[in-house]
Amino acid sequence: MRSSVLGSVWVLLLLLREPACQGDEVTSNTVNPCCYLPCQHTGVCVRYAEDEYECDCTRTGFNGKNCTVPEFWTRVRQLLKPSPDTVHYILTHFHWLWDIINYTFLRDVLMRLVLTVRSNLIPSPPTYNSNYDYLNWESYNNLSYYTRILPPVPKDCPTPLGVQGKAGLPDPELLVERLLKRRTFRPDPQGSNLMFAFFAQHFTHQFFKTYNRMGVGFTKALAHGVDAGHVYGDNLERQLKLRLHKDGKLKHQIIDGEMYPPTVVDAPVKMSYPPGIPPEGQMAIGQEVFGLLPGLGMYATLWLREHNRVCDILKAAHPTWDDEQLFQTSRLIIIGETIRIVIEEYVQHLSGYLLQLKFDPTLLFNSYFQYANRISLEFSQLYHWHPLMPDSFLINGDELSYGQFLFNTTVVTHYGIDKLVEAFSRQVAGQIGGGHNINPVVTNVAVRTIEESRQLRIQPFNEYRKRFNLKPYTSFRQFAGNEEIARDLEELYGDIDAVEFYPGLMLEATRSGAIFGESMVEMGAPFSLKGLLGNPICSPDYWKPSTFGGKVGFDIVNSASLKKLVCLNTRTCPHVAFRVPREEQSQSENDDSKVRTDEL
């Protein structure tokens, strides 16, 4: 009895203890106190006089000067909640357990939990944008801006990242040269292939449409989500030029008996090609930059063929429908197919989870969930995955350099979709995290990303760790897991709390056998799942057969897969997956091991 009482007293004392925190009280009377980023656990810093501030801790689960004192139930949750690494370990181990769960009602229970827990980390409605670091109507209503999860660092701070680190940040080109530029190609240990790499780029460019002509922080993607605008165009004028205006279909050309996107001669839309490429050599595609890589042209061709195939099915089922209804309904089906492939195959592959992810909007119908989405600046920064790109491209026995590959639409028509799918499915992509793996051809993109983040005053990497319920790193060695990178970062930044958001994501030590580190997963997944399930077609009023032209269209959405997308739209049904076959992965791992041994 006595031990029980003592135990209860000990628990009570533990719950009442105030933890030490980096956000302890600010004492300076010369610096904007909000520069110290004092408010923890999503508390909002409100400045009054020069040296006075207040943290608004409303609904954070914490109180105190800097929102550091947990409320009773917050302490209980903290005691019971497993760490992200523990959860990840459970989800990626114990095959026997997941073999049982995936065939019982527990799969739905866990999938609902994954969706709600992840999605709740993303504020909805949106909060800040690059012009405002406080809530206001303009920030909410102006869709021309990316939204932001954390407000910008105040303008009048002693250092670019508040008060931490040096007075000046390291030169972006030096940073990329020393820490991000590839030395030797390092394959992804998860076996991601170029089919995955090009899908990532093709899929995300429907909502990552940075519009620097208006200024930093702006986007052209007014839909802010999965709208298939990369297939149909991001405005009505472009859409109408791409449409055939017959049977709901899109314009196309036939080459060697197969369907490809039309040229800009037949569909006069603006495409971004270098000077010297004639109009007949430019494919007309929904996204104007997709002439850059034949891998993007491959996916554009597959979705073009799929749209026109769906139109034929709907026309047969609904002979009275006009061109407009056939087109609009087919577009909804394409959006549904896209979301299913992304969740059940793309995100499944990235996560490495043994839980089989499931696209079933009805799982959220009895939950508090808002069917709306705004693309955030942080999500756009996070998704610069250029280490995926190889040193050259291997297609049907040929090796193509970047000079032969970039802006060369004849690669698509010369080899054909079947051979491109086969080749890209068998060529391994690079590991994203861990540094030293961006091909020199695209390092300029990393430089521009860092420059953009500084113009937009994005908060430090550790602040985002805290925002997504991760422990901030306390040393460069803990963060990098690599002595050379840790040493260089310490020289360049001076303080672990001064490491920038994008370099932090790219240089963080990767999880064992994984494509990137903990932060990329824990920050990226909430953005992805909120954007996918927040789509209107997933809402109760939309998610029913009539939306998709009846059972025939609903069945297409509910049975969609990457293999079907390819094999229903090619002659030979080539090997297709987001992961290289086991034998190719084993070979690439052996080659990588040899290279690392030679380097040592």
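Residues numbered from 1 in each chain as written. Predicted model: local features only at pLDDT ≥ 70, side-chain atom pairs only at ≥ 80, totals over all residues. Heavy atoms only, no water.

**Quick notes on the overall build of the protein**
Within the protein, the regular secondary structure consists of 24 helices and 10 strands. Expected size for 600 residues packed as a compact globule is a radius of gyration near 25 Å; at 25 Å, the protein falls within 12% of this value. When burial is assessed residue by residue, the protein has 56% of its 600 residues classed as buried. Of the contacts made within the protein by residues no fewer than 6 positions apart, 70% connect residues no fewer than 24 positions apart. When the accessible area of the protein is evaluated, it comes to approximately 26,600 Å², of which 55% is carbon and sulfur surface. (Helix = DSSP H or I, 4+ residues; strand = E, 2+ residues; numbered from the N terminus. Rg over C-alpha atoms; globule rule 2.2 N^0.38 Å. Buried < 20%, exposed > 50% of the residue type's maximum accessible area, 1.4 Å probe, protein only. Contact = heavy atoms within 4.5 Å. Areas by Shrake-Rupley, 256 points an atom, 1.4 Å probe, with all protein chains shown as cover.)

**Some points on helix α16 (residues 443-455)**
For α16, built from 13 residues, the straight-helix expectation of 18 Å at 1.5 Å per residue is met to within 8% by its first-to-last C-alpha distance of 19 Å. Turning to α16, its buried residues number three or more, namely T443, V445, A446, V447, T449, I450, E452 and S453. Next to the buried residues of α16 lie α7 (172-180), α13 (377-382) and α20 (501-507). In the stretch just after α16, R457 is the one whose phi turns positive, near 55°. (Expected span 1.5 Å × (residues − 1).)

**Quick notes on helix α3 (residues 84-92)**
Taken together, the buried positions of α3 are occupied by H88, L91 and T92. One face of α3 carries all of its buried residues, which in axial projection span an arc of 90°. Downstream of α3 by a residue or two, F94 has a phi angle that is positive, lying close to 65°. (Arc of directions from axis to C-beta.)

**Comments concerning the nonpolar core**
The biggest cluster of nonpolar side chains holds 142 residues, and the ones touching the most others in it are Y299, Y346 and W385. No other element matches the 12 residues that helix α12 (residues 323-351) contributes to this core. Not counting residues within four places of it along the chain, the set of residues in contact with Y346 comprises F196, F199, A200, I341, Y383, W385 and F578. Of all hydrophobic cores here, the second largest spans 7 residues; its members include C34, C39, Y53 and C67. (Core = buried A, V, L, I, M, F, W, Y, C linked by side-chain atoms within 4.5 Å.)

**Remarks on the pairing of strand β1 (residues 44-47)**
Bridging between β1 and strand β2 (residues 53-56) involves 4 bridges; their strand directions are antiparallel. Each bridged residue has a counterpart across the sheet, and for R47 the counterpart in β2 is Y53. Adjacent in sequence and paired antiparallel, β1 and β2 are bridged by 5 residues. (Pairing = 2+ DSSP bridges.)

**Some points on the packing of aromatic side chains**
Applying the stated rule across the entire model yields 40 aromatic pairs. Look at F199 and F203: their rings are 6.0 Å apart centre to centre, the planes differ by 15°, and that puts the pair in the stacked class. Here F199 and its partner F203 are both found in helix α8 (residues 194-204), 4 residues apart, which amounts to about one turn of the helix. On the accessibility criterion, F199 (2% relative accessible area) is buried. Take F203: its relative accessible area is 6%, and that puts it in the buried class. The ring of Y53 has K65 lying over it, and the distance from NZ or CZ to the ring centre is 4.4 Å. Lying across the ring of F468, R467 places its NZ or CZ 5.6 Å from the centre. (Phe/Tyr/Trp six-rings, centres within 6.5 Å; stacked < 30°, edge-to-face > 60°. Lys NZ or Arg CZ within 6 Å of the ring centre and 35° of its normal.)

**Focus on a nonpolar patch on the surface**
On the surface, a cluster of nonpolar side chains totalling about 530 Å² of accessible area is made up of Y89, I90, F94, W96 and I100. Contributing elements (two or more residues each) for the nonpolar patch: α3 and α4 (95-101). Along the chain, I90 falls in helix α3. Given the relative accessible area of 36%, I90 is considered partly exposed. (Patch = residues over 30% accessible without salt bridge, like charges linked within 9 Å, V, L, I, M, F, W, Y side chains within 5 Å. Salt bridge = Lys/Arg side-chain N within 4 Å of Asp/Glu carboxyl O.)

Coordinates in, geometry out; function isn't part of it.
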